[in-house]
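Survey of secondary and tertiary structure
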Amino acid sequence: MLLAATLALLAAMLLALGRALLGPTLFDRILAVNSFGTKTVLFIAVSGFLAGRPHFLDIALVYALINFTGTVAVLKLTHHGEFGAAGAPEQQEGDL
Amino acid sequence: MTAFHPINIALFAILVITALAIARIRQLFAAAMLSGLFSLACACIFVLHDAVDVAFTEAAVGAGMTTVLFLCTLALTDSREKSTPPRRSVPAALAALLTGAALIYASADLPKFAAADTPVQQHPLTERYLRDSATEIGIPNVVTSVLASYRGYDTLGETVVIFTAAIAVLMLLGRTAHAKTSDAVMSLHTRHRVLRVVTKLLVPFILVFALYVQFHGDYGPGGGFQAGVIFASGLILYGLVFGLEAARGVAPVRVLRRLVAAGVLIYGGVGVATLVAGGAFLDYDALDPGHPATGQHLGILLVELGVGITVAAAMLMLFLSFAGRRDAR
Amino acid sequence: MNVILIASDLLLGAGMLFVLTGAAGLYRLPEFFTRTHAASITDSAGAGLVLLGLLLRVEDLATGLRLLLILLFLMFTSPTASQALARSALDDGLRPLVRLGKRPR
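Scoring rules and cut-offs
- Residues numbered from 1 in each chain as written.
- Chains lettered and ligands numbered in written order.
- Predicted model: local features only at pLDDT ≥ 70, side-chain atom pairs only at ≥ 80, totals over all residues.
- Helix = DSSP H or I, 4+ residues; strand = E, 2+ residues; numbered from the N terminus.
- Buried ≥ 20, exposed ≤ 12 C-beta atoms within 10 Å, placed from the backbone.
- Contact = placed C-beta atoms within 7 Å.
- Rg over C-alpha atoms; globule rule 2.2 N^0.38 Å.
- Core = buried A, V, L, I, M, F, W, Y, C linked by C-beta atoms within 7 Å.
- Domains from an automatic or database assignment.
- pLDDT = per-residue confidence, 0-100.
- Nonpolar A, V, L, I, M, F, W, Y, C, P; charged D, E, K, R; others polar.
- Axes fitted to C-alpha atoms, helices over the stretch in contact; angles between N-to-C directions.
- Parallel < 35°, antiparallel > 145°, perpendicular 65-115°, else oblique.
- Expected span 1.5 Å × (residues − 1).

**Overview of the overall build of chain A**
Along its length, chain A carries three helices and zero strands. Looking at the 96 residues of chain A, the share that counts as buried comes to 68%. Sequence separation of 24 or more characterises 44% of the internal contacts of chain A that already satisfy a separation of 6 or more.

**Focus on the overall build of chain C**
Per the secondary structure count, chain C includes three helices and zero strands. Reading chain C from its N end, one meets helices and strands in the order α-α-α. Its C-alpha radius of gyration of 17 Å places chain C more than 25% over the 13 Å reference for a compact globule of 105 residues. With the C-alpha coordinates aligned to their principal axes, the bounding extent of chain C is approximately 60 × 25 × 15 Å. Counting across all 105 residues of chain C, residues that qualify as buried make up 40%. Residue pairs at least 24 apart in sequence account for 57% of intrachain contacts in chain C once pairs closer than 6 positions are excluded.

**A word on the nonpolar core**
Ile59 and Ala60 of chain A, Leu316 of chain B together with Ile70 of chain C are the most contacted members of the largest nonpolar core, which totals 145 residues. Two domains each provide a minimum of three residues to this core, namely domain 1 (1-81) and domain 2 (141-329) of chain B. Each residue touching isoleucine 70 of chain C, except ones within four places of it in the same chain, is listed here: Val41, Ala45, Leu57, Ala60, Leu61 and Ala64 of chain A together with Leu51 of chain C.

**A closer look at the confidence of the model for chain C**
Per-residue confidence for chain C gives a mean pLDDT of 87; residues scoring 70 or more make up 93%. The least confident element of chain C, judged by mean pLDDT, is helix H3 (residues 61-92) of chain C at 88; the most confident is helix H1 (residues 2-28) of chain C at 91.

**Let's talk about the interface of chain C and chain A**
Interface extent is often summarised as the accessible area lost during association of the parts. Contact residues are listed per partner, giving 37 residues for chain C and 39 residues for chain A. Going through the elements one at a time, H1, helix H2 (32-55) and H3 of chain C are the ones with two or more residues in the side of chain C that touches chain A. With 15 residues, the single largest contributor to the side of chain C that touches chain A is H3 of chain C. Taken together, the residues of the side of chain C that touches chain A break down into 24 nonpolar, seven polar and six charged.

**Comments concerning the interface of chain A and chain B**
Contacts between the two partners involve 40 residues from chain A and, on the opposite side, 49 residues from chain B. For the side of chain A that touches chain B, the elements supplying multiple residues, two or more each, are helix H1 (2-22), helix H2 (26-51) and helix H3 (56-77) of chain A. Grouping the constituent residues of the side of chain A that touches chain B by class yields 25 nonpolar, 10 polar and five charged.

**So, the environment of threonine 6 of chain A**
The topology assignment puts threonine 6 of chain A in helix H1. Between the alpha carbons of threonine 6 of chain A and valine 46 of chain A there is a distance of 6.6 Å; along the sequence they are 40 residues apart. With sequence-adjacent residues up to four places away left out, threonine 6 of chain A is seen in contact with Phe43, Val46, Ser47 and Leu50 of chain A together with Ile7 of chain B.

**Digging into the packing of helix H6 (residues 124-136) of chain B against helix H7 (residues 142-150) of chain B**
All names here are of chain B. Where H6 meets H7, the closest approach of the two axes is 10 Å, and the angle between their N-to-C directions is 90 degrees. Overall, the two elements H6 and H7 adopt an arrangement that is roughly perpendicular. Between H6, through Tyr129, Leu130 and Ser133, and H7, the contact on the second element is made entirely by Val142, Ser145, Val146 and Tyr150. A per-class count over the contact of H6 with H7 returns five nonpolar, two polar and no charged.

**So, helix H2 (residues 28-48) of chain B**
Residue and element names in this part refer to chain B. With 21 residues, H2 should reach 30 Å at 1.5 Å per residue; the first-to-last C-alpha distance of 30 Å fits that figure. Taken across its 21 residues, H2 has 16 buried, putting it largely inside the fold. Note on H2: the residue one or two positions beyond its end, aspartate 50, has a positive phi of about 70 degrees.

**Structural notes on the environment of valine 241 of chain B**
Within the secondary structure, valine 241 of chain B is located in helix H11 (residues 224-242). Residue valine 241 of chain B is classed as buried on the basis of its C-beta count, with 26 C-beta atoms lying within 10 Å. In the structure, valine 241 of chain B is positioned 48 residues away from arginine 193 of chain B in sequence and 9.9 Å away in space, judged by C-alpha atoms. Leave out the neighbours within four places in its chain, and valine 241 of chain B touches Val72 of chain A together with Leu195, Arg196 and Thr199 of chain B.

**A closer look at unusual backbone geometry**
Residue and element names in this part refer to chain B. Backbone geometry at aspartate 50 places phi at a positive 70 degrees, although glycine is not the residue there. Within the secondary structure layout, aspartate 50 lies in the loop between H2 and helix H3 (52-76). Classification of aspartate 50 as exposed rests on a count of 12 C-beta atoms within 10 Å. Positive phi values are uncommon outside glycine, yet leucine 282 reaches one of about 65 degrees. Among the secondary structure elements, leucine 282 is positioned in the loop between helix H13 (253-276) and helix H14 (292-327). Take leucine 282: there are 23 C-beta atoms within 10 Å of it, and that puts it in the buried class.

**Thoughts on the environment of alanine 95 of chain B**
Residues and elements named next belong to chain B. Mapped onto the fold, alanine 95 is located in helix H4 (residues 90-107). Its 11 C-beta neighbours within 10 Å are what place alanine 95 among the exposed residues. A C-alpha to C-alpha distance of 43 Å links alanine 95 and serine 145, two positions 50 residues apart in sequence.

The following block contains the structure:
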């Protein structure tokens, strides 16, 4: 069952990767990478149990934190209008 | 395990697809996010191959710190790659194909993964370190014992490299001007109230977790490098959400400059102390002459502390230099 | 012990169902705000069920504590990230799809 769970998580990761590559706006890509990060946390936890080494859970915990930091970083540091949502990209002097 | 074959194939496929996408994509912010995804997939592969400390470092550094620094840099420049007209270059394609083919041909000579007759398994040095680490040093995590004790001089060099990188960034970017917090930034803060509250809850936990990783490195995956990066990530999260002024209030640059040097000094100081106590440089046995194992424990603790302090201060300084330059623009 | 293993398998299976549903939604739904719904299914139900299923398999307290911490963490950070992302999208001018085939600007 753990192996099936790992394979299912891999399939989900491939789907998230597809969205990260396709997504027309930058927001879709950020969402996809955030989702990929959550699936990585679950993957590490499940494969840790599959291999019989619960020490992996520390890594999963770190990822849960770092994933959040990365998402917040990209939201705060992207230029206003770079997201490609509201028409043509404006000048780069926006404060975000 | 043959059960891991489809998992490995899927993960490597993710790596290849992501690498191709990073090369082709024009929006550089998306490319930075995808490189974070690449690090996540790499860490999964490391975890599958039982390389737990490497996976830990890849998790902390690759997915978090590197992505944030890339984004800080992109925030300073134009973020769309200039579209160059497509050109064909047959010699370049030929060179790439030949190099790739040569690498694949050479990799066929590598021994099978985890086979029992590889030189790594046969050589008596492996036996000696793995077996004697338990008696000579007495901590369960052999990676830490090799990194901090048997190969301690090498780790001192790595710490000095990080210190040098921090100094180089300071030299290139200059002293960061005191950023004036504009009204636009403050109004953004009030709009993201949920983010602020949750960040305030999370940051203390991240810092305590960094300390746990620092001191638990003897018993599980962890150690100075990972702990330093996680500590810096916590304060970077705080700086991203509450503004650079707040982050500079917690970690002023003049304090960070002293901390970066202090970490290297602690490491070197332990070496000098062992010299004074009568042993060789960085021979921790000399720290407690009656009980070498206790001396080793003490030496490893101090050394990892030095590494952690230097790494945390260097990462924070990098982030504040890059992001501060943008604010002062 | 067998009952606990079966229960753990059931929870893992249910969690996998939600993870796959969420990922399929992320891939197939037409527009950004609808995709955040799909992603949040994975983050909340999928992660919760998987971690509870793993919790039934632990052998010592430290591992169980770590799993609970991961669960707590994901419960705090995933909704916040989704909210911040949706708020940034609204600030930037992205508008939700109200009628299929016609995107308001």
